[in-house]
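Structure assessment
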Amino acid sequence: MKRIPWLLLLTLVACSAPQGIKTTGKLRIQSIQPDVVSGCTVRAGDWMALKGNTFGTQAEWDAGTNHALFPPDPGLPAENPEITQSENPATLMFRVPLGAQSGLLRIHVEGVGDAEIPIAVEQIAPQVAVPGCEVPAPPQNPE
C-alpha cells in the first residue's frame, strides 16, 4: 500500500523532466535552446541556452568550479559561459567549442548537481530553419 504514493511520485517526476536529460541532486533543466532533446543539432561556435532552477554564480563559472563539457572524452569546456538571468528561471548561455562531437554534454554545478544532455553536433550549417532549433541570440556583453 505504501508503494503506490512512491510510484506515483516517481511517475510525476519522470513526466515533468524533458526526456533524454539526466540530472542528479537538486539541478533541474527546464529547457534548452536549440532544443537538442527534440533532435536539433548544434555547431561549433553556436550559442546554447539552458533554463533551469539554478546554475550557481558567475564567479563559479569563471573560476571553473562549475563547468559544461562537450564530448569527446574527457571533455571540451563550453566557451564563454555566462549567467544571463539568475532566477525565475535561471539562464546559462555558452558557445559550443571547436572540435565538439555528438554525445553527452555534461553540466556540473557545485553543491547543486549534475546533468547529462544528449547532443548531436553537425559540421555544416543547416539548410532549412526548423522550429525550435533556432540558435539563441548571444548575451548582451559576451567576453
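This text gives an overview of the structure that appears in the document. Sequence positions are assigned chain by chain, starting from 1 and proceeding in written order. The predicted nature of this model means local features are confined to residues of pLDDT at least 70 and side-chain atom pairs, given and counted, to a pLDDT of 80 or more, with totals for whole chains, interfaces and linings taken over all residues. Water and hydrogen atoms play no part in the side-chain values, which are based on all heavy atoms of the structure.

Time to look at the overall build of the chain. For the purposes of this entry, the term helix denotes a DSSP run of H or I that reaches at least four residues, the term strand denotes a run of E that reaches at least two, and both are numbered from the N terminus. What the chain contains, in helices and strands, is 2 helices and 10 strands. Note on exposure labels: buried denotes an accessible area under 20% of the residue type's maximum, exposed denotes more than 50%, and partly exposed covers the range between, all computed with a 1.4 Å probe on protein chains only. Expressed as a percentage of its 143 residues, the buried residues of the chain come to 31%. Taking as baseline every contact in the chain between residues at least 6 positions apart, the subset at least 24 positions apart corresponds to 61%. In this analysis, two residues are considered to be in contact whenever any of their non-hydrogen atoms come within 4.5 Å of each other.

With that settled, consider the environment of Thr-84. Here Thr-84 is to be found in strand S7 (residues 79-85). Separated by 54 residues in sequence, Thr-84 and Pro-138 have C-alpha atoms that sit 9.9 Å apart. Once residues lying within four places of it in the same chain are set aside, the contact partners of Thr-84 are Thr-91, Met-93 and Pro-139.

So, on to the state of the cysteines. Such a bond, covalent and formed between the sulfur atoms of two cysteines, is termed a disulfide. Sulfur atoms of two cysteines make up a disulfide when they are within 2.5 Å. In total, this model carries 1 disulfide according to the counting rule given. What pairs with Cys-40 in a disulfide is Cys-133, and their sulfur atoms sit 1.9 Å apart. Note on the Cys-40 and Cys-133 pair: the S-S dihedral is about -80°, so by sign convention the disulfide is left-handed. A residue pair is termed long-range when its members are at least 10 positions apart, and Cys-40 in the loop between strand S2 (29-33) and strand S3 (41-42) and Cys-133 in the segment after strand S10 (113-121) qualify at 93 residues.

The next point concerns the pairing of S7. Any two strands with at least two DSSP bridges between them are considered paired. When S7 meets strand S8 (residues 90-95), the two strands line up antiparallel, connected through 4 bridges. The residue of S8 that forms the bridge with Gln-85 is Thr-91. Between S7 and S8, which pair antiparallel in sequence order, lie 4 residues; one of them, Asn-88, sits at a positive phi of approximately 60°.

All right, on to the nonpolar core then. Generally speaking, nonpolar side chains in soluble globular proteins are found buried as a group. With 27 residues, the main nonpolar core has Met-48, Leu-50, Phe-55, Phe-70, Leu-105, Ile-107 and Ile-117 as its most contacted residues. Top element by residues in this core is S10. It accounts for 4 residues. Once residues lying within four places of it in the same chain are set aside, the contact partners of Ile-107 are Leu-27, Leu-50, Trp-61, His-67, Ala-68, Gly-113, Asp-114, Ala-115 and Ile-117. Nonpolar cores are built from buried Ala, Val, Leu, Ile, Met, Phe, Trp, Tyr and Cys residues. Side-chain atoms within 4.5 Å join them into one set.

All quantities given are derived from atomic positions and should not be read as evidence of function.
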